[in-house]
Amino acid sequence: MITERAVKVGMERRPTHPGAILREDVLPALGFSVSEAARQLGVTRQTLHRIMAEKVSITPEMAARLGRFCGNGPGIWLRMQQACDLWRAERELRAELARIPVHRTSSAA
């Protein structure tokens, strides 16, 4: 159902939040309401709604539930969330990160 793609380093466009994938692709394709999906996932409707509204992040526990529900494993859900979180953090810390020196070690190989 969902295929995984590599995230480009330095991407300017915000990665798609996994909640948007649920809202726009997964639930419509399955024909489930938020209430029915939440029931099957074993979470409250409010919890699922907050994820789909992109108000909260996917936790490892929710990734395990979604991975089972969608049949694609938890890793893809965690990586989508990680891409969103890292993108946001890099922009919020842009000025501070620019002041941190880069240190490289020589490879032992």
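Procedures and definitions
Residues numbered from 1 in each chain as written. Predicted model: local features only at pLDDT ≥ 70, side-chain atom pairs only at ≥ 80, totals over all residues. Heavy atoms only, no water. Helix = DSSP H or I, 4+ residues; strand = E, 2+ residues; numbered from the N terminus. Buried < 20%, exposed > 50% of the residue type's maximum accessible area, 1.4 Å probe, protein only. Contact = heavy atoms within 4.5 Å. Areas by Shrake-Rupley, 256 points an atom, 1.4 Å probe, with all protein chains shown as cover. Salt bridge = Lys/Arg side-chain N within 4 Å of Asp/Glu carboxyl O. Core = buried A, V, L, I, M, F, W, Y, C linked by side-chain atoms within 4.5 Å. Polar contact = N/O pair within 3.5 Å; in protein donor to acceptor, adjacent residues only side chain to side chain.

Another point: the overall build of the protein. Broken down by element type, the protein carries 6 helices and 0 strands. Put simply, the protein runs from its N terminus to its C terminus through helices and strands in the order α-α-α-α-α-α. Counting every position in the protein, which comprises 109 residues, the buried fraction comes to 28%. Long-range contacts, defined as pairs at least 24 residues apart, comprise 61% of the intrachain contacts of the protein with a sequence gap of at least 6. A total of about 7700 Å² of accessible surface is found on the protein, and carbon and sulfur atoms cover 54% of it.

Glancing now at the environment of Ile 76. One can find Ile 76 in helix α5 (residues 74-92). What makes Ile 76 buried here is its relative accessible area of 8%. Put simply, Ile 76 and Pro 18 are 58 residues apart on the chain and 9.2 Å apart in space, counted from C-alpha to C-alpha.

This part covers the pattern of salt bridges. Considering all chains together, one arrives at 8 salt bridges under this definition. Residue Arg 91 is joined to Glu 12 by a salt bridge in which the shortest nitrogen-to-oxygen separation is 3.8 Å. One end of the pair, Arg 91, is in helix α5; the other, Glu 12, is in the segment before α1 (18-30), with 79 residues separating them in the sequence. Salt bridges sharing common partners tie together Arg 14, Arg 23, Glu 24 and Glu 54.

Our next topic: unusual backbone geometry. Of note, Glu 54 is a non-glycine position whose phi angle comes to about 65°, a positive value. Along the chain, the position of Glu 54 falls in the loop between α3 (45-52) and α4 (60-70).

Right, let's get into the side chain of Gln 81. Topologically, Gln 81 is positioned in helix α5. Among residues more than four places away in sequence, those in contact with Gln 81 are His 17, Pro 18, Ser 57 and Ile 58.

Moving on, we come to the nonpolar core. Formed by 20 residues in total, the largest nonpolar core has its most connected members in Leu 22, Val 26, Leu 48, Ile 58, Leu 66, Phe 69 and Trp 77. Looking at this core element by element, the count peaks at 5 residues for α4.

Our focus in this paragraph is the side chain of His 17. On the secondary structure map, His 17 appears in the segment before α1. Its relative accessible area of 6% is what places His 17 among the buried residues. For His 17, the side chain forms a polar contact with the main-chain oxygen of Val 56, separated by 3.2 Å. In contact with His 17, not counting residues within four places along its chain, are Ile 51, Glu 54, Val 56, Ser 57, Gln 81 and Cys 84.

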